[in-house]
Amino acid sequence: MSEDSLLGHALVRLDEAATHLNIDPDVIEKLKYARETTQVRLMIRMDDGSRKSFLAWRCRYDDTRGPTKGGIRFHPEATVDEVETLAFWMTFKCAVMNLPYGGGKGAVQVDPRKLSKAELERLSRAYIQAFARIIGPDRDIPAPDVYTNSMIMGWMADEYAQIVGQAEPAVITGKPIALGGSLGRGDATARGGYYLVRHLAEDLGLGKTLRVAIQGFGNAGQHVARLLAADGHKIVAVSDSEGAVRSEAGLHVDMLLDAKNGGHSVITTAGQGGHEILPAGDLVGVDCDLLVPAALENMVDAKNAASVKAKLVLELANGPVTAEADEILAKKGVVILPDILANAGGVTVSYFEWVQNRQGYYWTEEEIHDRLRKIMEREGRAIWNVSITKGVTVRTAAYVHALGRLAEAIEAHGTQSFFTS
Ligand code: NAD
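Every residue gets a number counted from 1 within its own chain, in the order that chain's sequence is written. Predicted model: local features are reported for residues with pLDDT of at least 70 only, side-chain atom pairs are reported and counted for 80 or more only, and whole-chain, interface and lining totals are derived from all residues. Only hydrogens and water are set aside; all other atoms, that is, all heavy atoms of the structure, feed into the side-chain values.

A. Representation of the site of the ligand in the model. In the vicinity of the ligand, 22 residues are found, and the nearest of them are Thr189, Asn219, Ala220, Ser241 and Asn318. In protein, a polar contact requires one atom able to donate a hydrogen and another able to accept it; more generally it is a pair of N or O atoms within 3.5 Å, and residues adjacent in sequence count only if both atoms are side-chain atoms. Residue arginine 185 places a side-chain N or O atom 3.4 Å away from an oxygen atom belonging to the ligand. Alanine 295 places a polar main-chain atom, nitrogen or oxygen, 2.9 Å from an oxygen atom of the ligand. For every accessible area listed, the method is Shrake-Rupley and the probe measures 1.4 Å; residues are considered covered only by the protein chains on display. Here the ligand loses 85% of its free accessible area of 820 Å² to cover by the protein chains. Listing elements by their share of the shell around the ligand, those giving two or more residues are helix H7 (219–230) and strand E7 (234–240). Within the shell around the ligand, the residues separate by chemical class into ten nonpolar, eight polar and four charged. There are two domains that each give the shell around the ligand at least three residues, and those are domain 1 (36–179) and domain 2 (188–342). Only heavy atoms are used to decide nearness, and a residue is near a molecule or strand if one of them lies within 4 Å of it. Each helix is a run of DSSP H or I of at least 4 residues and each strand a run of E of at least 2, with the numbering of both proceeding from the N terminus. Asp, Glu, Lys and Arg are counted as charged, while Ala, Val, Leu, Ile, Met, Phe, Trp, Tyr, Cys and Pro are counted as nonpolar; the rest, among them Gly, fall into the polar class. Throughout, the edges of the domains are those of an automatic or database domain assignment.

Shown next, in the form of structure tokens:
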């Protein structure tokens, strides 16, 4: 794999973590490559009777610690490199949270906004038909990601049940509640990040009222805005794929949510309640205490990192800060709560959903929130302590924390399980 690939860049963090642990080089060799990645072409019938085909992938990166787990992304620019990188991050994320899973990911190269609902359903079902032998409740468990949601997971779970001839709710998480979805899954990613910031607030020297900028206003961005605003923090800027708005006095979160629920961009709120248009590229450099990237990868890079004014970055998106930007931010004293910890609330509640599906007994929303908070605080605290004792960034500490667990599991299997001698 090229060092210039997304995965090549992600592996820099693995190498860095390895320097802080005394582990067998075979462990690192194993973690440098995806175990299996399958590519298919999905053929579907469009509403006008024509046929179209879409590239699709499912990657099972590493299953040392359990069945692989990871979302399915529908995006026009999805690539195999991106899928494998996201699956690599899932491997580390599940280890960070001590969930009994390995890492996986899937994608379809498609702009779902250009499909009708019926076409989207045919595409979602085609994905499961193609990958039914790869996924499974004890093998590989998909979930939603960018531009996929609970409705799509519902269709996918239904297609899988038809193929195997029985209901298997634990094959997919993020399902509608009516099909065995978990309470609390909707806002789990944002809520996990919110619990983490709240728990470490004193260590991070945060004030009572934070000024917050959020990049991306989908599932993760909207819920974190709502949770932080409810605690009295001020959301001073937000963006989506069409542009950004700002207000020094604080944006009206309800107005932003109404716009999104109505299928409109956040920029349609400009001119009301003190909301002003902000050039989208300026969001990262907005004057604020907390920057929350909640869109896509590589949004904070070597070009714009120097403009960051926030003292704290909460990575709800996966891989939003490049390795070069990481160094620039570290030199500026900006603390980053890294993706594999900060957005792990999503996979943690997905795990709760899988557990509930398997036991056929469902928990209350309060129980979900309480269990999620405890795990975020437990792993967040452990990682914070590694960062202090080793004098490394929180990101390196998170990788060290996860790599220790992965190494222990790989060694426990016995290296001959992976390499023929
Ligand atoms: P989503 O599809 O609900 O929202 C994505 C948002 O990003 C949309 O508002 C879109 O308009 C915006 N966006 C796209 N390109 C942009 C750009 N160039 N500038 C600004 N905004 C842009 O997706 P989501 O589920 O909220 O996921 C967002 C990020 O969080 C992704 O990196 C995803 O992998 C990560 N994540 C999500 C979950 C989850 O449970 N939803 C869990 C872990 C990580």
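B. Highlighting the packing of aromatic side chains. The pairing test for Phe, Tyr and Trp rings, Trp by its six-membered ring, is centres within 6.5 Å, and the orientation test on the planes gives stacked under 30 degrees, edge-to-face over 60, and tilted for anything in between. If you walk through the whole model with that rule in mind, you get ten aromatic pairs. On the numbers, 5.2 Å between centres and 70° between planes, the contact of tyrosine 101 with tryptophan 354 is edge-to-face. With tyrosine 101 in the loop between helix H3 (80–96) and strand E4 (102–109) and tryptophan 354 in helix H11 (residues 345–359), this residue pair connects regions lying 253 residues apart in the sequence. For tyrosine 101, a relative accessible area of 0% puts it in the buried group. Seen in terms of ring centroids, tyrosine 194 and tyrosine 195 are 5.8 Å apart; in terms of plane orientation they differ by 40°. Their pairing is tilted. Burial here depends on accessible area, computed with a 1.4 Å probe over protein chains only, as a share of the maximum for the residue type. Under 20% is buried, over 50% is exposed, and the range in between is partly exposed.

C. Structural detail: the domain arrangement of the chain. Structurally, the chain comprises domain 1 (36–179) and domain 2 (188–342). The junction of domain 1 with domain 2 conceals about 860 Å² of combined surface from both sides, 58% of it contributed by carbon and sulfur atoms. Once two parts are brought into contact, the accessible area they lose, counted with a 1.4 Å probe and summed over both, makes up the buried area. Together, Trp89, Lys93 and Val96 form the three largest contributors to the area buried by domain 1 at its contact with domain 2, with a combined 49%. Criterion for a salt bridge: a side-chain nitrogen of Lys or Arg within 4 Å of a carboxyl oxygen of Asp or Glu. Linking domain 1 with domain 2 are one salt bridge, by the criterion used here. Notably, a salt bridge pairs arginine 73 with glutamate 297, separated by 2.8 Å at the nearest N-O pair. At the surface where domain 1 touches domain 2, the tally comes to two residue pairs in polar contact (both at pLDDT 80 or more). Secondary-structure elements contributing two or more residues to the side of domain 1 that touches domain 2 are strand E3 (68–75) and H3.

D. Representation of the sheet that holds strand E1 (residues 36–45) within the structure. Spatial ordering of the open sheet is given by E1-E2-E4-E3-E5, a layout of five strands whose pairing is mixed. The open sheet terminates on both sides in strands that have one partner only, identified here as E1 and strand E5 (140–144). The average undirected angle you get between the axes of adjacent strands in this sheet is 25°. For two strands to be treated as a pair, DSSP must find no fewer than two bridges joining them. Sheet topology places E3 next to E5; five bridges connect them, and they run parallel. Angles shown run from 0 to 180 degrees and are taken between the N-to-C directions of axes, each axis being a line fitted to C-alpha atoms and, for helices, limited to the stretch in contact.

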